[in-house]
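Summary of the model geometry
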Amino acid sequence: KMSEVFVGGKMEELKIEICKLLEELSEGGINAEVQYTEDKILEDSIDSIVYIEFIVEIEERYGFEFDDDKLEISQFESITELAKYITMKGDLQSE
């Protein structure tokens, strides 16, 4: 089960997965390594279509829906913030 991967606070694995997914969806327009290292969501390099595709993919992988107020990429200032939100909403917290 997917959530077992994150038990024990393996936030870094989720952050890497987020960065790789953004790179894949942007067809290389986003560099996963740069995103991860700088821990920034580079809004300029993520267009709204890529972000919507990202949300849909994350919702399917982790079985939750983003709150309406989180549907704008500007709501997340860092990859860490986004990973924390996914962890909370996707019920991936370690007990």
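As a starting point, this report considers the structure included with it.

**Considerations on the packing of helix α1 (residues 11-25) against helix α3 (residues 48-62)**
- For the pair α1 and α3, interaxial distance at closest approach is 10 Å and the crossing angle is 135 degrees. The angle between α1 and α3 places the two elements in the oblique class. Handedness of the α1/α3 crossing: right-handed. Residues Leu14, Glu17, Ile18, Leu21, Leu22 and Leu25 of α1 lie in contact with α3, whose contacting residues are Val50, Glu53, Phe54, Glu57, Ile58, Arg61 and Tyr62.
- Among the residues making up the contact of α1 with α3, the classes are represented as nine nonpolar, no polar and four charged.

**Topic: the packing of α1 against helix α4 (residues 79-89)**
- At a minimum axis distance of 9 Å, the contact between α1 and α4 shows a crossing angle of 110 degrees. The orientation of α1 with respect to α4, classified from their angle, is roughly perpendicular. Here α1 contributes Met11, Leu14, Lys15, Ile18, Cys19 and Leu22 to the contact with α4, which in turn contributes Ile79, Thr80, Leu82, Ala83, Lys84, Ile86 and Thr87.
- The residue makeup of the contact of α1 with α4, split by class, is nine nonpolar, two polar and two charged.

**A look at unusual backbone geometry**
- Here Glu27, not a glycine, exhibits a phi torsion of approximately 55 degrees, which is positive.
- Turning to its location among the elements, Glu27 is positioned in the loop between α1 and α2 (32-38).

**Re α1**
- For α1, built from 15 residues, the straight-helix expectation of 21 Å at 1.5 Å per residue is met to within 8% by its first-to-last C-alpha distance of 21 Å.
- Of all the residues in α1, the buried ones are Leu14, Lys15, Glu17, Ile18, Cys19, Leu21, Leu22 and Leu25.
- On its buried side, α1 packs onto α2, α3 and α4.
- At the C-terminal side of α1, Glu27 shows a positive phi close to 55 degrees.

**Some points on the pattern of salt bridges**
- Tallied over the full model, the rule gives four salt bridges.
- Where Glu57 meets Arg61, a salt bridge forms, and the shortest distance between an N and an O atom there is 2.9 Å. Linking Glu57 with Arg61, this pair stays in helix α3, spanning four residues, or about one helical turn.
- When its relative accessible area of 29% is taken as the criterion, Arg61 is described as partly exposed.
- Here Asp67 makes a salt bridge to Lys89, at a shortest N to O gap of 3.1 Å. With Asp67 in the loop between α3 and α4 and Lys89 in helix α4, this pair connects stretches of sequence that are 22 residues apart.
- Classification of Asp67 as partly exposed rests on a relative accessible area of 33%.

**Focus: the environment of Gly90**
- Among the secondary structure elements, Gly90 is positioned in the segment after α4.
- Judged by relative accessible area, which is 11%, Gly90 ranks as buried.
- C-alpha separation for the pair Gly90 and Phe66, spaced 24 residues apart in sequence, amounts to 9.6 Å.
- Once you skip the residues sitting within four places of it in the chain, Gly90 turns out to touch Tyr62 and Phe64.

Parameters and conventions
- All residue numbers refer to positions counted from 1 along the written sequence of the respective chain.
- Since the coordinates come from a predicted model, pLDDT governs what is reported: local features require at least 70, and pairs of side-chain atoms require 80 or more to be given and counted, while whole-chain, interface and lining totals use all residues.
- Only hydrogens and water are removed before side-chain values are computed, so all heavy atoms of the structure are retained for them.
- Between N-to-C directions, angles cover 0 to 180 degrees, with each direction set by a line fitted to C-alpha atoms, over the stretch in contact for helices.
- A run of H or I in DSSP counts as a helix once it spans at least four residues, and a run of E counts as a strand once it spans at least two, with each numbered from the N terminus.
- If an angle is under 35 degrees, it is roughly parallel; if it is over 145, roughly antiparallel; if it lies from 65 to 115, roughly perpendicular; otherwise it is oblique.
- Note on convention: the crossing is left-handed when the near helix lies turned anticlockwise from the far helix by less than a right angle, right-handed when the turn is clockwise.
- The contact criterion used is simple: two residues touch if any of their non-hydrogen atoms lie within 4.5 Å.
- Under the scheme applied, nonpolar residues are Ala, Val, Leu, Ile, Met, Phe, Trp, Tyr, Cys and Pro; charged residues are Asp, Glu, Lys and Arg; polar residues are all the others, including Gly.
- Here the expected span of a helix is defined as 1.5 Å times the quantity of residues minus one.
- Think of it in three bands: with a 1.4 Å probe and only protein chains considered, a residue is buried below 20% of the maximum accessible area for its type, exposed above 50%, and partly exposed in between.
- Salt bridges are identified by distance alone: a Lys or Arg side-chain nitrogen within 4 Å of an Asp or Glu carboxyl oxygen.

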